[in-house]
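Architecture at a glance
Each chain is listed here by its residues.
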Amino acid sequence: MEWVVKIGGSLFPDYAINLAQELVGEDVLVVCGGGSLANQIREYHEKLNFTPTASHRTAILCMDILGQLLADKVKGAKAVKSLEEVKTTLNSGNLPILIPSLLLEYLDPLEHSWRVTSDSIALYLSHLLEAKLLITTNVDGIYTHKPSLDGAQFIKEISGEKLLNFGETSLDESFAELLLKYKTSAYVVNGKHPERVMAILEGRSSINTFIGGD
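Below: a short report on this structure.

**Focus: the nonpolar core**
Grouped together as the largest cluster of nonpolar side chains are 34 residues, with contacts concentrated most on Ile 121, Leu 133, Leu 163, Leu 171, Phe 175 and Ile 211. Apart from the residues lying within four places of it in its own chain, the contact partners of Leu 133 are Trp 3, Val 4, Ala 122, Leu 123, Ser 126, Phe 175, Ser 185, Ala 186 and Tyr 187. Counting residues in each nonpolar core, the second largest holds 25 residues, with Val 5, Ile 17, Val 30 and Met 198 among its members.

**Looking at the state of the cysteines**
Throughout this description, disulfide means a covalent bond between two cysteine sulfur atoms. Inspection of the entire model under this criterion finds zero disulfides. Lacking any disulfide linkage, Cys 32 is separated from the closest cysteine sulfur, that of Cys 62, by 12 Å. For Cys 32, a relative accessible area of 4% corresponds to the buried category. For Cys 62, a relative accessible area of 5% translates into the label buried.

**Overview of a nonpolar patch on the surface**
Taken together, the side chains of Leu 83, Tyr 106, Leu 107 and Leu 128 define a hydrophobic patch exposed on the protein surface, amounting to about 380 Å² of accessible area. With respect to the secondary-structure elements, Tyr 106 resides in helix H5 (residues 101-107).

**Observations regarding the side chain of His 45**
By the element assignment, His 45 lies in helix H2 (residues 35-48). Residue His 45 is classed as buried on the basis of its relative accessible area of 16%. The contacts of His 45, once residues within four sequence positions are left out, are Phe 50, Thr 51, Ser 55 and Trp 114.

**Overview of the pattern of salt bridges**
Applying the stated rule across the entire model yields seven salt bridges. Close ionic contact of Glu 2 with Lys 132 constitutes a salt bridge, the shortest N to O distance being 3.0 Å. On the criterion of sequence distance, the pair formed by Glu 2 in the segment before strand S1 (3-7) and Lys 132 in strand S5 (residues 132-137) is long-range, its members being 130 residues apart. With its nearest N and O atoms 2.7 Å apart, the salt bridge here joins Asp 119 to Lys 6. Here Lys 6 lies in strand S1 and Asp 119 lies in helix H6 (residues 118-129), a separation of 113 residues in the sequence. With relative accessibility at 5%, the residue Asp 119 sits in the buried group. For Lys 6, a relative accessible area of 7% puts it in the buried group. Counted as one network, the salt bridges with shared partners bring together Glu 111, Arg 115 and Glu 177.

How each quantity is defined
Residues numbered from 1 in each chain as written. Predicted model: local features only at pLDDT ≥ 70, side-chain atom pairs only at ≥ 80, totals over all residues. Heavy atoms only, no water. Core = buried A, V, L, I, M, F, W, Y, C linked by side-chain atoms within 4.5 Å. Buried < 20%, exposed > 50% of the residue type's maximum accessible area, 1.4 Å probe, protein only. Contact = heavy atoms within 4.5 Å. Disulfide = S-S within 2.5 Å. Patch = residues over 30% accessible without salt bridge, like charges linked within 9 Å, V, L, I, M, F, W, Y side chains within 5 Å. Areas by Shrake-Rupley, 256 points an atom, 1.4 Å probe, with all protein chains shown as cover. Salt bridge = Lys/Arg side-chain N within 4 Å of Asp/Glu carboxyl O. Helix = DSSP H or I, 4+ residues; strand = E, 2+ residues; numbered from the N terminus.

In structure tokens form, the structure reads like this:
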């Protein structure tokens, strides 16, 4: 496939459903974030100090849940659990939405910590599938600091090396490290505007941040 599109959990339900519906028929695999469910796991972890592996795997199960619910509401979408199912679903003209827990438990490619979220998971999957990566979130892209704070400046393009110094932005902390490791790149775009997402998929200009890692 050509693209892995991560639909941020912050977009669920309405924006996520609208965006996924637009993606039906495209050469795309959708990966869902864990959203407020994963955030609740993080709060439990901070209070009760679960093991990193328990927190990591349960947060991925939150991705399963939102992916399954999203597939249920999008006509032409199908929840899939394997790379073979991804291929057959695309060949039938439908949109595969990955239920990733079994695949990730088997491959176990990433560290078990809160530095790794669905962002890094989507990046790993795009590397595995040799596909381009597009991350959709609820802001326009990467900013110099939190967009809610005064003076935040939007960044149209940034290198993975510079992003390393940002810590956790609209992407998780391990994302830039993996981007450089895989020598790849990614787009970050506001998923509340499906037309921006489609423009990137079609090679047209759009409001987004491009991150170069090669």
